[in-house]
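Analysis of the macromolecular model
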Number of protein chains: 2
Amino acid sequence: MIKVAVDAMGGDYAPVEMVAGAVDAVNANKDIKVLLVGQEKVVSEELKKHTYKKEQIEIVNATEVIKTEEPPVNAIRKKKDSSIVVGMNLVKNKEADAFVSAGSSGAILVGGQVLVGRIKGVERPPLAPLIPTEKGVSLLIDCGANVDARPSHLVQFARMGSIYMEHVVGIKNPRVAIVNIGAEEEKGNALVKETFPLLKECEDINFIGSIEAREIPHGGADVIVCEAFVGNVILKLYEGVGATLLSMVKAGMMESLRSKIGALLVKPALKKTLKSFDASQYGGAPLLGLKGLVVKTHGNSKALEVRNSILQCVTFKEQKINEKIRESLTEGKSE
Amino acid sequence: MIKVAVDAMGGDYAPVEMVAGAVDAVNANKDIKVLLVGQEKVVSEELKKHTYKKEQIEIVNATEVIKTEEPPVNAIRKKKDSSIVVGMNLVKNKEADAFVSAGSSGAILVGGQVLVGRIKGVERPPLAPLIPTEKGVSLLIDCGANVDARPSHLVQFARMGSIYMEHVVGIKNPRVAIVNIGAEEEKGNALVKETFPLLKECEDINFIGSIEAREIPHGGADVIVCEAFVGNVILKLYEGVGATLLSMVKAGMMESLRSKIGALLVKPALKKTLKSFDASQYGGAPLLGLKGLVVKTHGNSKALEVRNSILQCVTFKEQKINEKIRESLTEGKSE
């Protein structure tokens, strides 16, 4: 039985979509137990609307809620009975294997480090979302709060990301690349120039060199290593350009009567194709390198993403990802 | 009469498209004289195919060509008779007001600094392409080779970019923002945190604060200030996500007979809408802060982009941009 704590109060559509996602997950896999963390009355009211096996979902009361705009460090320190702090503590105390939340990114990043704690040897835990590409998905690591990272951090990101892609996402011998402004080894800023030779020396990853941002959507690498500021820019620009272009395509189709008729005809086929470019179906972003698993889903997560994030925790646990990360970093040290 | 030197040998479609663009520009404006720099025989053969006023185009012989893959510093030093070096020297010696090239970015950046030289007070000349947005265009400054910039550089980028957008592109009181990973002032990496208060103090720009990458395609600011590594990632990801999504839309439309018929109907309207998201119509990227104007066009420039880049040089000269930059930086110093 794998136990996943789910933040019932975090996200734009909490508790409705969080609870619905939890129910969908337990109905999809009988080996999961979800601990729904949140205000007991609110959560139980919501749960009543669903059908599921009672022994697979339990409510864990947490009276407080951390809001997105609250300063994270303060929020984690002060709101001891918030759904994020209570959920993280369940992981810390081994009462849950994982914690899934659509709440404040800052609070989740801080809480992960402070409450759950890092695996010995991990310098910084990276946040690693899957981003859609023409060929499937790539792991973008790091998009967290670790700005101004050092080369040794990026090497760890590469190792952890490679393990995740191979064993959770199922990409054999994943191609690892570092985000750069040119394909040649001598290009880049100081951080990339220092990190590049270190990645080349890593025998446990399939390092293919630099990747220019242009190649990311084409699926040029499976694990995209970068410092968090750059990762954040990539992640958000991805969303921004995608949203803008699609809204322009839609507006273009509404231009004339002729194009409106055409739009009706292309709609079903187009919807199917573009669905593969929708990040929400791939589940949330793991915060890697922690003693337990913490998964951050989008703030606007609906039930599907919540469900998939919970199911992803099962693979993470079954594949013993944290044991593999621990081994990899120890090997890295003794090389 | 404004004299524009054009690199006839640089770019994927040289000399054909470079020459065609030059002819289109002089035919559009009788006050331009183009100096076509390149191998005399090749260029004159190409010119023969066109109709134009003989006194508006002159060929300047340059026997060598710098290739994209050549190390820039070396190429500029060794190939004294290359189209890039000869063209830059025309600007240096005041025989031309501007130089337009689709050739090696590296060589153009190095040549601009070494041959044309910086305006007194300019610490680093930024490369500033216009990027398409939902609302029109924004200036992305810097996308050049100045990685690991310092706060004072970014402040100069903001000033120069603001002048360019106001007087060349015609955006009154342009909104200036710095790329960041959150909207709050305390967010960001060390560079952004140091630069933010300096930008707030600038009285000669309309600084609106941070911009998250997601808001760039929506036209959230007119001048997008960032360090060159980040700028390069933004520019290339813009192209990459756009190209990927449009090819997916096209593929989606070819899925079934029904969608194929629909595609025929929506095509004209869609083409018109998406044209506004095509960077090539806005002309090339100026390398700002040099004693003369240097414009880098895309490597795959066609005649339209070359033509527009040449016409853009006229506005740059007429609006006395370099005088304005010189004044702004002197004022900035005495504040």
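Residues numbered from 1 in each chain as written. Chains lettered and ligands numbered in written order. Predicted model: local features only at pLDDT ≥ 70, side-chain atom pairs only at ≥ 80, totals over all residues. Heavy atoms only, no water.

**A closer look at the overall build of chain A**
Rules: Helix numbering and strand numbering both begin at the N terminus, where a helix is a DSSP run of H or I of at least 4 residues and a strand a DSSP run of E of at least 2. Only C-alpha atoms enter the radius of gyration, while the globule expectation follows 2.2 Å times N to the 0.38, with N the number of residues. Burial here depends on accessible area, computed with a 1.4 Å probe over protein chains only, as a share of the maximum for the residue type. Under 20% is buried, over 50% is exposed, and the range in between is partly exposed. Any two residues having at least one pair of non-hydrogen atoms within 4.5 Å are treated as being in contact. Accessible areas in this description were obtained via Shrake-Rupley with a 1.4 Å probe; residue shielding takes into account the shown protein chains only. In this tally, Asp and Glu contribute negative charge and Lys and Arg positive charge; neither His nor the terminal groups of the chain are included. Lysine's charge is taken at NZ, arginine's at CZ, aspartate's at CG and glutamate's at CD.
Check the secondary structure of chain A and you find 11 helices and 11 strands. In terms of overall size, chain A behaves like a compact globule, its C-alpha atoms giving a radius of gyration of 21 Å where 335 residues would be expected to give roughly 20 Å. Principal-axis analysis of the C-alpha atoms gives chain A an extent of 65 × 60 × 35 Å. Going through the 335 residues of chain A one by one, you find that 57% of them count as buried. For chain A, contacts bridging at least 24 residues in sequence account for 71% of all contacts bridging at least 6. Of the roughly 13,900 Å² of accessible surface on chain A, 52% is carried by carbon and sulfur atoms. Here chain A holds 44 positive side-chain charges and 41 negative ones, and the gap between their average locations is 4 Å.

**A look at the relation of the copies chain A and chain B**
Counted only if it meets this: Least squares is used to superpose the copies, and the fit set is the C-alpha atoms of residues whose pLDDT is at least 70 in both copies.
Rotating chain A by 180° and translating it 0.0 Å along the rotation axis places it on chain B, where the RMSD comes to 0.0 Å. Those values place the two copies in the arrangement expected of a two-fold rotation axis. Measuring from the rotation axis to each C-alpha of chain A, the shortest distance belongs to Gly262 of chain A, at 1.9 Å. The fraction of interface residues of chain A whose copies in chain B are also interface residues reaches 98%, indicating that both copies meet through the same surface.

**What about the pattern of salt bridges?**
All names here are of chain B. Basically, it comes down to this: Salt bridge, as used here, is a side-chain nitrogen of Lys or Arg placed within 4 Å of a carboxyl oxygen of Asp or Glu.
In total, this model carries 20 salt bridges over all chains according to the counting rule given. When the shortest N-O distance is used, the salt bridge between Arg159 and Asp204 registers 2.7 Å. Here Asp204 lies in the loop between helix H7 (190-201) and strand S8 (206-212) and Arg159 lies in helix H6 (residues 151-169), a separation of 45 residues in the sequence. When its relative accessible area of 8% is taken as the criterion, Arg159 is described as buried. A relative accessible area of 34% places Asp204 in the partly exposed class.

**Side note on the interface of chain A and chain B**
One frequently used descriptor of interface size is the decrease in accessible area upon assembly of the parts. Keep this limit in mind: Two parts placed together each lose some accessible area; with a 1.4 Å probe, that loss summed over both constitutes the buried area.
Listed per partner, the contact involves 53 residues of chain A and 53 residues of chain B. Carbon and sulfur atoms supply 75% of the area that chain A and chain B bury against each other, a total of about 4,900 Å² over both sides. For the pair chain A and chain B, the number of links is 4 salt bridges. Taking the shortest distance from any N to any O, the salt bridge between Glu212 of chain A and Lys236 of chain B comes out at 2.3 Å. Take the side of chain A that touches chain B: its biggest share by element is 20 residues, from helix H8 (residues 228-253) of chain A.

**Considering the side chain of Gln56 of chain B**
All names here are of chain B. Put simply, the test is: Under this definition, polar contacts are N or O atom pairs within 3.5 Å; protein pairs additionally need one hydrogen-donor-capable and one acceptor-capable atom, and for neighbouring residues in sequence, both atoms have to be side-chain atoms.
In this fold, Gln56 is placed in the loop between helix H2 (40-47) and strand S3 (57-61). There is a polar contact of 3.0 Å between the side chain of Gln56 and the backbone oxygen of Asn29. Ignoring sequence-local partners within four residues, the contact set of Gln56 consists of Met1, Val26, Asn29, Lys30, Asp31, Ile32, Lys33 and Val34.

**Quick word on the pairing of strand S1 (residues 2-7) of chain A**
All names here are of chain A. Put simply, the rule is: A pair of strands is considered paired only if DSSP assigns at least 2 bridges between the two. We call a crossover right-handed when, viewed with both strands directed away from the observer, the connection leading from the first strand over the helix to the second proceeds clockwise.
Among the 6 residues in S1, 5 count as buried, and that is most of the element. Examined bridge by bridge, S1 and strand S2 (residues 32-38) share 6 bridges and lie parallel to one another. Bridging from a neighbouring strand, Val4 pairs with Val34 of S2. As for the winding sense of the linkage, the β-α-β connection from S1 through helix H1 (residues 16-28) to S2 is right-handed. Two strands pair when backbone bridges link them, and S1 and strand S4 (residues 98-101) are joined in this way by 3 bridges, in the parallel orientation. Bridge pairing in S4 links Val4 to Ala98.

**Observations regarding the packing of helix H9 (residues 257-275) of chain A against helix H9 (residues 257-275) of chain B**
Packed helix pairs are characterised by how far apart their axes lie and by the angle those axes make with each other. Keep this limit in mind: Lines are fitted to the C-alpha atoms to define the axes, a helix being fitted only along its stretch in contact, and any angle between axes, read from their N-to-C directions, falls within 0 to 180 degrees. Geometric relationships in this document are graded by angle, where less than 35 degrees denotes roughly parallel, more than 145 denotes roughly antiparallel, 65 to 115 denotes roughly perpendicular, and other angles denote oblique. Helix crossings are classified by the rotation of the near helix relative to the far one: an anticlockwise turn of less than a right angle makes the crossing left-handed, while a clockwise turn makes it right-handed. Residue polarity follows a fixed list, in which Ala, Val, Leu, Ile, Met, Phe, Trp, Tyr, Cys and Pro are nonpolar, Asp, Glu, Lys and Arg are charged, and the others, Gly among them, are polar.
For the pair H9 of chain A and H9 of chain B, interaxial distance at closest approach is 7 Å and the crossing angle is 135°. In this view, H9 of chain A runs oblique relative to H9 of chain B, as classed from their interaxial angle. In this structure, H9 of chain A meets H9 of chain B at a crossing whose hand is left-handed. Note on element contacts: H9 of chain B touches H9 of chain A through Arg258, Ser259, Ile261, Gly262, Ala263, Leu264, Leu265, Val266, Pro268 and Ala269 of chain B, opposite Arg258, Ser259, Ile261, Gly262, Ala263, Leu264, Leu265, Val266, Pro268 and Ala269 of chain A. Split by residue class, the contact of H9 of chain A with H9 of chain B holds 14 nonpolar, 4 polar and 2 charged.

**A look at the state of the cysteines**
As used in these notes, a disulfide is a covalent bond between sulfur atoms, one from each of two cysteines. Residues and elements named next belong to chain A. The condition that has to hold: We call a pair of cysteine sulfur atoms a disulfide whenever their separation is within 2.5 Å.
A full pass over the atoms with the stated rule returns 0 disulfides over all chains. Take Cys143: it sits in no disulfide, and the sulfur closest to it among the cysteines is that of Cys226, at 5.8 Å. Classification of Cys226 as buried rests on a relative accessible area of 3%.

**Re the nonpolar core**
Worth spelling out the cut-off: Side-chain atoms within 4.5 Å are what join buried Ala, Val, Leu, Ile, Met, Phe, Trp, Tyr and Cys residues into a set we call a nonpolar core.
Leu36, Ile216 and Ile310 of chain A together with Leu36, Ile216 and Ile310 of chain B are the most contacted members of the largest nonpolar core, which totals 180 residues. Listed in part, the 27 residues of the second largest apolar core include Ala5, Ala62, Ile84 and Leu287 of chain B.

**Focus: the confidence of the model for chain A**
Quick note on the threshold: You can read pLDDT as the predictor saying how much it trusts each residue, on a scale of 0 to 100.
Mean pLDDT over chain A: 92, with 98% of residues reaching 70 or higher. For this predicted complex, the interface confidence reaches an ipTM of 0.90, while the overall pTM sits at 0.91.

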